[in-house]
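Structural features, examined
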Amino acid sequence: MRKYLFSLLSFIIVLSSQVGAQDNRTLETKIADILAQMPAGDLVYRNKLVSELFTLGDKGFAGLAAMVIPPGTGDDAAARMAINSMARYASQQGKETEKNFLEKNLLTAIDAAREQAVKRFLIHQLNLVISDAAIPVLQKYLTDGTLCEPATQALLSLGTEQAAAAILEALKKTAPSANITLIKALGELHYRPAAPLLTQYVGNKDVSVQRVTLQALARIGDPASYETLWNVAANTAAYEPTMALSSFITYLDKLGSEGELTLCKKGVDAMLKKCSDPALLHYRADAVNLFARYFGEKALPLLYKEAGNPDKAYRDAVLVTAQKMGNTSVTKKWYSLAVKAPPEVKADIIRMLGKRGDPSILPLIEKKKMMDDPDAGVREAVLFAYTALRGKQALPVLMEHMLAGKDIAYIQKILLTLISQKELSYVAGAAEKASGEALAACLQIIGARGGTEYFRMIYEHCSSEDTVVRQAAYDALPGTVTGDHLSEALELLMAANSDKEVEQAGKAVAIAMKESRDQQAALEELVEVMDATKKKDRLIALLPAAGTPAALATAEDLFFAESGETRATAFRAITQWKDPSATYTLYRIVEKGIPDYRNKAFSAYVKMISSADFPDEQKLLKIRRIMPLARGGQEKSEAITALGKLHIFPALIYTGKFLDDPEVSHEAARTVVSIALPTPDGKKGMTGKIVRDLLTKALPLITGSESDYLKAQVQDYLDKMPQDTGFVSMFNGKDLSGWKGFVANPIKLAEMKPKELAKAQKEANQKMHENWSVNKNSIVFNGKGQNLVSAKNYGNFELWVDWRITKGGDSGIYLRGSPQVQIWDTSRRNVGAQVGSGGLYNNKRNRSTPLKVADNPIGEWNTFHIIMIDSIVTVWLNGELVVDHVPLENYWDRSIPIFPTGPIELQAHGSNLAFRDIYVREIPPTEYQLSEEEKAEGFVPLFNGKNLDGWVGNKTDYVVEDGMIV
């Protein structure tokens, strides 16, 4: 891009010498030029564009606002985005001038707009820049059914006394009907003068009006509203639609926060009297909480009493309120109440005391008789409180309690939250003294905390005659095994007696193999054990966990060599492989058509590719590879559905071919739509004639769930789609139309006379057909002859092309007749091919090698995605970025830049190769993007690629051709 800017320098100097540096563009052109550059991803550049919009003045904003149109009538996204960006910009601190300007002009535009939808959008933009000056304009829209909501929201964002007064006046004008939006807003603004009018709506027959009115009065908190709100609440049952009791609680909270404590206390007492029914206890809990919040320790007698309520949920709510109230004497009071309470109440109070964090009760609950309470719930509460107050110092007591065979499961639960690996010595020490369930608990804790130093203990207990201990030891195995314990883990796997033991020992073996210092030796040990046992299935299932190429080869060999259950287990192992390397094995199974497994292998292949961490381009190639093996509509549908997740142009082209297949046309239609339209994660929709034609073709084929909605969505997208050409095919799949034979390099071509060139071209075209041909929708080269050259020249473009080479192959793609984006067999280390394909091979000053190796194996198809702007080239190979904005040098004359236009050539380099699906899109200058570095340096586009807007002087001497000033 920088070279593009500098290439205009001489023109700028000449033009500037003729006239002064004034800007004679029309206001409309200035607006259009700014909008063409939005959205700008860079914040600094975006702010620059927005600040330019402000310089256009009142007339400029009026022109911009006039571009906003009702949804569904055209594309005004750029104008809407620009106005919203101005609002966000003006809302920043220190932008008062811009804020006042935008507010004034928004208000003018709102009044000038004819359509309600446009007014609604403009009103929404006021939220960020509104002041009291907007109230007179907005007030008249508060009684408009369509515009009331946005106007009210704008005034809410203002939040002043004047805004509230305006909303109240509007509500008065709507009487006797009720406007819920206005009522709700007055409540949110806590506007007390509105209370008398709102009171009139309390008895409204509309339940929604009642509910909103009660909530608004509650938020306002006028003491005069007490009787009104209570009269409704007093006659209300639980779960009624007006939510009167909930509103009354909100009202009491508001009274308390504003110091109206007498009235607040009156309301609390009334609620306590009313809400004794079980269905109303949650309101009673709210009242108790309010009492405690605003009256402090005066509420303690009530809390002591309410804590004995038989309803546990209510009791818990009361104890949560009580938890942080009072001093040590209050703690002791709670303890004394607990001692005398029924077991369930006693347990809840003791838990609360543990959460309270007051250590003064420790001497009381440490009494052995408390931990030995006959009720299990009480004992657990005591253990919880003791641990909460003592922390890790509670370990000895907890261990002693567990070794005594008491509350083992609960103590195990506590220990898992209390200790880390460092404290496992306590557990291991206890395990040496324990038996039965206590021992089992210790072993499980050791396993859960990764006690690898205690592996030998776990290993020995795996042979215990006590089934509880044995199972616990097996459960602990995965947490204690290391890479040094593979032999023991394999031994235990073979000795396992139950499915659960097999599962846990299998996990242990997998971990040991993964952590082994010698992966190959570990696999060999597993295979050795496998060969010596009849329980092969247990070991085959572990091969995916090993995950190595050798392990996959073992699974593949077992599948093809064995039968019965062994083959079935090997197949399951292959389908459960952790990476997509197993797809090659699955492909072989499908290709060979092995009974009972072929169909499953096809589905597993598609599923594995879909979930693989592959770029979309690679997923498409892999699915295309197996598609010719698909049998019937079901398998085709599986593959086509998977393509719907690939938001790339080649996936759209490939899927579009199935719109004519009656077996899968409906699935193909949905997939075409899924690929072409914008995605929920923000990827833009596709445009161009090909896209338009495919969507139009897919539209009547859409059936099934929500098809009407999807059709409407597609039609709307088509209606709004720009009429750009987009990608066009360079190869029709049938013949070499659009291509010609190679004559000479661009410099020599320029030196040839027309008759000489025509003769040479005719001869080259004849030779072209001797070496280049079409076979199975691919352009094929036989390894002899010259390059294949596009009949058309290109300037800046975006290209998609698939290619495939044979072993030892070498080729490339010339850009504007210049070599080249490299293609070669990466095994040819003698020529440096190990760096991979995609690099700009003939560069000398700039980078020539790719950023990474991204080639597929020889014989498989690869995909290039190439973008060339000016001299700058970017290349993706199979979805991996391999060339990142690197200048392509002029191979034919390194003293001059690359040619501005030229053909795309498929290189002949003595190797058999093939190309398919070649699509190119010419990039207009309006799409040129400055780099972040260029933006930071202050570069801005001086030429829009269309006309000489922004330039002055004798324009008759200059014209614009192919996006260039000539």
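Not measured: the values here are computed from a predicted model.

What counts as what
Residues numbered from 1 in each chain as written. Predicted model: local features only at pLDDT ≥ 70, side-chain atom pairs only at ≥ 80, totals over all residues. Heavy atoms only, no water. Helix = DSSP H or I, 4+ residues; strand = E, 2+ residues; numbered from the N terminus. Contact = heavy atoms within 4.5 Å. Core = buried A, V, L, I, M, F, W, Y, C linked by side-chain atoms within 4.5 Å. Buried < 20%, exposed > 50% of the residue type's maximum accessible area, 1.4 Å probe, protein only. Phe/Tyr/Trp six-rings, centres within 6.5 Å; stacked < 30°, edge-to-face > 60°. Pairing = 2+ DSSP bridges. Salt bridge = Lys/Arg side-chain N within 4 Å of Asp/Glu carboxyl O. Expected span 1.5 Å × (residues − 1). Polar contact = N/O pair within 3.5 Å; in protein donor to acceptor, adjacent residues only side chain to side chain. Axes fitted to C-alpha atoms, helices over the stretch in contact; angles between N-to-C directions. Parallel < 35°, antiparallel > 145°, perpendicular 65-115°, else oblique. Nonpolar A, V, L, I, M, F, W, Y, C, P; charged D, E, K, R; others polar. pLDDT = per-residue confidence, 0-100.

**Overview of the environment of Ile83**
- The residue Ile83 is located in helix α6 (residues 77-90) in this model.
- In sequence terms Ile83 and Gln520 are 437 residues apart; their C-alpha atoms lie 64 Å from each other.
- In this structure Ile83 touches Phe61, Leu64, Ala65, Val68, Leu106, Phe121, Leu122 and Gln125, once residues within four positions along its chain are discounted.

**Some points on the nonpolar core**
- Grouped together as the largest cluster of nonpolar side chains are 263 residues, with contacts concentrated most on Met271, Trp334 and Leu695.
- The element contributing the most residues to this core is helix α18 (residues 281-295), with nine residues.
- Counting 39 residues, the second largest nonpolar core, distinct from the first, contains Phe781, Leu815, Phe864 and Ile918.

**Looking at the packing of aromatic side chains**
- If you walk through the whole model with that rule in mind, you get 22 aromatic pairs.
- Between Trp230 and Phe248, the aromatic rings sit 5.1 Å apart at their centres with planes inclined by 45°, giving tilted as the arrangement. Taken together, the residues span a long stretch of sequence, with Trp230 in helix α15 (residues 226-234) and Phe248 in helix α16 (residues 244-257) at a distance of 18 residues.
- Given the relative accessible area of 0%, Phe248 is considered buried.

**Focus on the sheet that holds strand β12 (residues 905-906)**
- The sheet built from five strands is open, its strands ordered β2-β5-β12-β7-β8 with antiparallel pairing. If you trace the sheet from one side to the other, it starts and ends with β2 (739-741) and β8 (818-824), each paired once.
- In the sheet, β2 pairs with strand β5 (residues 788-790) via three bridges, with the strands oriented antiparallel. The partner of Lys740 across the bridge, within β5, is Val789.

**Here's the deal with the environment of Ala385**
- Within the fold, Ala385 resides in helix α25 (residues 376-390).
- Residues Ala385 and Ile361, spaced 24 residues apart in sequence, show a C-alpha to C-alpha distance of 9.5 Å.
- Look past the residues within four positions of Ala385 in its chain and what remains in contact with it is Ile350, Gly354 and Ile365.

**Re the pattern of salt bridges**
- One pass over the structure, following the stated rule, counts 41 salt bridges.
- A salt bridge links Lys104 to Asp58, with the nearest nitrogen and oxygen atoms 3.1 Å apart. Separated by 46 residues along the polypeptide, Lys104 in helix α7 (residues 96-112) and Asp58 in helix α5 (residues 57-66) bring together distant segments of the chain.
- A salt bridge links Glu556 to Arg588; its shortest N-O distance comes to 2.0 Å. Highlighted residues: Glu556 in helix α37 (residues 549-561) and Arg588 in helix α39 (residues 583-592), separated in sequence by 32 residues.
- Judged by its relative accessible area of 33%, Arg588 is partly exposed.
- Salt bridges linked by common partners bring Arg624, Lys657, Asp802, Arg916 and Asp917 together as one network.

**As for helix α11 (residues 161-174)**
- Across its 14 residues, α11 extends 20 Å between first and last C-alpha, which sits within 8% of the 20 Å expected from 1.5 Å per residue.
- Among all positions in α11, only Ala163, Ala164, Ala166, Ile167, Leu168, Ala170, Leu171 and Thr174 are buried.
- Its buried side turned inward, α11 meets α9 (135-139), α10 (148-158), α12 (180-188) and α13 (195-199).

**Some words on unusual backbone geometry**
- The step from Pro819 to Gln820 runs through a cis peptide bond, and the omega angle for that step is -15°.
- Tracing the backbone shows Gln820 in strand β8.
- In the Ramachandran plot, Asp917 falls in the positive-phi region, its phi being about 45° despite a non-glycine side chain.
- Note that Asp917 resides in strand β13 (residues 912-922).
- For Asp917, a relative accessible area of 18% translates into the label buried.

**Observations concerning the side chain of Asn745**
- Positionally, Asn745 belongs in the loop between β2 and α47 (746-751).
- A distance of 2.9 Å separates a polar side-chain atom of Asn745 from the backbone nitrogen of Ile747.

**Quick notes on α18**
- The terminal C-alpha atoms of α18 lie 21 Å apart, and with 15 residues this matches the ideal 21 Å at 1.5 Å per residue to within 8%.
- Residues Leu281, Tyr283, Arg284, Ala285, Ala287, Val288, Leu290, Phe291, Ala292 and Phe295 constitute the buried set of α18.
- In this structure, the buried residues of α18 make contact with α16, α17 (261-274), α19 (300-306) and α20 (312-322).
- After α18 finishes, the residue Gly296 shows a positive phi value of roughly 60°.

**Digging into the pairing of β13**
- Within β13, nine of the 11 residues are buried, which leaves the element mostly enclosed by the surrounding structure.
- Judged from the eight bridges that link them, strand β6 (residues 797-805) and β13 form a sheet pairing that is antiparallel. Residue pairing across strands places Phe797 opposite Glu922, the latter belonging to β13.

**Section: the packing of helix α4 (residues 43-55) against α6**
- The interhelical angle for the contact between α4 and α6, taken along N-to-C directions, is 95°, at an axis separation of 10 Å. Considering their axes alone, α4 and α6 lie roughly perpendicular with respect to each other. In contact with Asn47, Val50, Ser51, Leu53 and Phe54 of α4, α6 contributes Ala82, Ser85, Met86, Tyr89 and Ala90.
- When its residues are assigned to classes, the contact of α4 with α6 shows seven nonpolar, three polar and no charged.

**Re the confidence of the model for the protein**
- Taken as a whole, the protein shows an average pLDDT of 90; of its residues, 93% reach a score of 70 or greater.
- Every residue in residues 934-940 scores below 50 in pLDDT, and together they form 15 contacts with partners more than four places removed in sequence or on other chains.

**Details of the side chain of Thr671**
- Along the polypeptide, Thr671 turns up in helix α44 (residues 665-676).
- Those residues in contact with Thr671, other than ones at most four positions away along the chain, are Ile640, Thr641, Leu643, Gly644 and Thr655.

**With respect to the packing of α15 against α17**
- Two elements in contact, α15 and α17, have axes whose closest approach is 12 Å; the angle formed by their N-to-C orientations is 10°. Here α15 is positioned roughly parallel relative to α17, judged by the angle of their axes. Residues Tyr226, Glu227, Trp230, Ala233 and Ala234 of α15 touch α17, and the partners they reach there are Leu263, Lys266, Gly267, Ala270, Met271 and Lys274.
- Among the residues forming the contact of α15 with α17, the class breakdown is seven nonpolar, one polar and three charged.

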